[in-house]
Amino acid sequence: MGVDIIARGLSAAETARRKRLQVLHALRASMARAALPDAGFGPNLVTNGTFDTDTAWTKGTGVTISGGLLSLAVSSGYAEQAIATVPGRTYVATAIANGNVFCGVWDGPAQQGAISLTPRTRSGPFQFHFVANDTLSFIGFAGNGSAASSIDHVAVREVLDSQVAIPSIGSNSASSTIATGTLWQVAAAGAPIHAEKYTFVGAEWRVAGATFPLNTVYQPVTTRAGDGTNPMADELGSGRVRFALDAPSLELYVRCDPLNTNGGFRLKVDGKYVRLGALGIDATVGAMRYIPITWGDGSDRHRKTRHYELEFIQNAGFGGVRTTNAYRPSPWPQPDGLRVLVHGDNMVTTVVDSASREGAATAGNGYILADLLGQADTWVSNVGGSGWFTPASPKTKNWFNDRVGIDVVPAAADVIVETGGLNDSSLGTLTQAAAQAAVESWLDTVLAARPDTLIFMTGPIAPTIPTAGDLKIAAAKAAAAAKYPRNVAYVDNLTDPWFFGTGRQGTVVGDGNRDWAIGSDTTHPTIEGHRYLAHRLAKGIAAAIPGLIARQG
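Residues numbered from 1 in each chain as written. Predicted model: local features only at pLDDT ≥ 70, side-chain atom pairs only at ≥ 80, totals over all residues. Heavy atoms only, no water.

Description of the nonpolar core
Argument step 1. Core analysis: the largest hydrophobic core is formed by 42 residues, its most contacted members being L27, F456, I541 and I545.
Argument step 2. Looking at this core, the elements with two or more residues in it are α1 (12–33), β27 (340–344), α2 (365–373), β29 (415–418), β30 (454–458), β31 (488–491) and α7 (527–551).
Argument step 3. Counting residues per element, this core draws most heavily on α7, at ten residues.
Argument step 4. Discounting chain neighbours no more than four positions away, the residues touching F456 are L24, L27, V415, I416, V417, E418, A489, I541, A544, I545 and L548.
Argument step 5. Counting residues in each nonpolar core, the second largest holds 33 residues, with F243, Y308, A316 and Y327 among its members. (Core = buried A, V, L, I, M, F, W, Y, C linked by side-chain atoms within 4.5 Å. Buried < 20%, exposed > 50% of the residue type's maximum accessible area, 1.4 Å probe, protein only. Helix = DSSP H or I, 4+ residues; strand = E, 2+ residues; numbered from the N terminus. Contact = heavy atoms within 4.5 Å.)

Here it is, written out as structure tokens:
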């Protein structure tokens, strides 16, 4: 947890100074090595894969598109779409099936020339890959003979990075398909069993509850939103589970989120996403499921030490990994041990996008920033609708200074990225002096507990040209930051606004990046907007590091 130094005979101030320098140099080095883990995939080649309109799909008997789903009657005909492919190149297909759906990829229309191994019955979130034989490939779906079903969130992307190995990811299952093996379960009846075989970062990970199945899984906690009366109420969080494993096949054992909640987890192997979209989501809320991961044909010739990282967004829980008895997982710690906390409001995580969040590689900018900083142990701690003085009346959530002692200080972060204040911008009676005093109080609390903490602070993340209220909060934060020159750097995001223009996704005006970066609600970033925002934050942090180093003396 954090970088530590031995400081015999040094004053507390000198010890803190040396620690800050060590963290700054470590952060700069990790950022220089960092790269986004989804760079190896091309854009989605499927048109209308979220079935928002009854277009782009050729439909057979018993196939309908309505309510954002492709619905398939019992033993229906096929729904298919031609996608442009390049012969000899590898593509990955992902989708979410509600019920059992027969699906595959073919060389020609009407299911002509099945591409090897792809046509089969699948359910839940699934993924398979194929090598194209022609300039057009046809992805298709049909109902099976037992019950009606549906499909959603369909995507096909080219694998651009030849170094990205893609496993087959099977459907959620209530039971294991590994006949003889061991479930390396983290806990049972609330007590740890094999938790030491994993590395848990990005949160306070703990047993999720007192009753089954919650007492068998670990869940991340980073934030207490509060309810206006009890500041400890409404716990939530995200985090990462890391482990190394040699097995050519395994099953992830998780507690699932429901569909369309921006939950579940993303899966990386050896630093790259191997599925562009969420796993750990199921029509049965809270269900315990095994998710098969198979490399090649699962035989011993595909045995290799691989490093797995599961990025949990919210609600889902980690139960463990099941393998044959020839293998067992081992922990995979982060080498430099820095801890980062991303603090703010709903601009950190809320996504408003016409495309599928479940089909996107990443969620909010806080999670993307962790990869750009090269720091897996990044705690995303934000409360939507909150701020320095919001919500004001009635006060139904914690303000930032309510959370500083229960979420921020206990996290013991080496680096804090603070981006809040947008919700305070509309408080007409709030003065700049009062806002600055609140920010200084927050900084005083953090630095009294940990004088070696480094803080990068932006103005409010304004989704458009800043208002007078936005500029007031930004000025308050900048003035507060200037009082702590060795610990705090202010990153100016409003003088040259990061978001600009008058459009929004779906209403293109052509005068700024809001056309694609801000969602239809006019406030929250799209999927692309969050990626852009994370990059701007990372660039701002990188630019501020040399000045902080110089100010250490």
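That shown, we press on.
Topic: the packing of α2 against α7
Argument step 1. Packing of α2 against α7 brings their axes to within 8 Å, and their N-to-C directions diverge by 45 degrees. As judged from the angle between their axes, α2 and α7 are oblique. Here the hand of the crossing between α2 and α7 comes out right-handed. On α7, the residues that touch N365, I368, L369, L372 and L373 of α2 are H530, R531, L533, A534, H535, L537, A538 and I541.
Argument step 2. Its residues assigned to classes, the contact of α2 with α7 shows nine nonpolar, three polar and one charged. (Axes fitted to C-alpha atoms, helices over the stretch in contact; angles between N-to-C directions. Parallel < 35°, antiparallel > 145°, perpendicular 65-115°, else oblique. Left-handed = near helix turned anticlockwise from the far one by under 90°. Nonpolar A, V, L, I, M, F, W, Y, C, P; charged D, E, K, R; others polar.)

Considering unusual backbone geometry
Argument step 1. Cis geometry marks the peptide bond from F212 to P213, where omega comes out at 0 degrees.
Argument step 2. In this fold, P213 is placed in the loop between β15 (204–207) and β16 (218–221).
Argument step 3. With an omega of 0 degrees, the peptide bond between T390 and P391 qualifies as cis.
Argument step 4. The topology assignment puts P391 in the loop between β28 (378–382) and α3 (400–408).

Topic: the sheet that holds β30
Argument step 1. With respect to topology, five strands assemble into an open sheet ordered β28-β27-β29-β30-β31, the strand pairing being parallel. In this open sheet, the two strands that pair with only one neighbour each are β28 and β31. In this sheet, adjacent strand axes meet at a mean angle of 15 degrees when their direction is disregarded.
Argument step 2. Strands β27, β28 and β29 of the sheet are contacted by α2, whose axis makes an angle of about 155 degrees with β28.
Argument step 3. Along the sheet face, helix α4 (residues 432–449) touches β27, β29, β30 and β31 and points at about 160 degrees away from the line of β30. (Pairing = 2+ DSSP bridges.)

Thoughts on the packing of aromatic side chains
Argument step 1. Summed over the entire model, instances satisfying the criterion amount to 22 aromatic pairs.
Argument step 2. For the ring pair F243 and Y308, a centre distance of 5.0 Å and an interplane angle of 10 degrees mean the geometry is stacked. With F243 in strand β19 (residues 239–245) and Y308 in strand β24 (residues 306–314), this pair connects stretches of sequence that are 65 residues apart. Considered together, F243 and Y308 belong to a single accessibility category, that of buried residues.
Argument step 3. Taken together, the ring pairs connect Y198, F200, W205, Y218, F243, F265, Y308, F312 and F318 into an aromatic cluster.
Argument step 4. For the cation-ring pair, R242 lies above W332, with the distance from its terminal atom to the ring centre recorded as 3.7 Å. (Phe/Tyr/Trp six-rings, centres within 6.5 Å; stacked < 30°, edge-to-face > 60°. Lys NZ or Arg CZ within 6 Å of the ring centre and 35° of its normal.)

A word on the packing of α1 against α7
Argument step 1. Between α1 and α7, the shortest axis-to-axis distance is 10 Å and the interhelical angle comes to 145 degrees. At the point where α1 passes α7, the crossing takes the left-handed sense. Contacts from L21, L24, H25, L27, R28 and M31 of α1 reach α7 at A538, I541, A542, I545, P546, L548 and I549.
Argument step 2. Each residue belonging to the contact of α1 with α7 can be placed in one class, and the counts come to eleven nonpolar, one polar and one charged.

Things to note about α7
Argument step 1. Look at α7: 36 Å from first C-alpha to last across 25 residues, which is about the 36 Å you get at 1.5 Å a residue.
Argument step 2. At I545, α7 is deflected by roughly 30 degrees, the largest bend along its length, and proline P546 occurs up to four residues later in sequence.
Argument step 3. G553 lies just past α7 and shows a positive phi near 80 degrees. (Expected span 1.5 Å × (residues − 1). Bend = angle between axes of the 7 residues up to and from the residue.)

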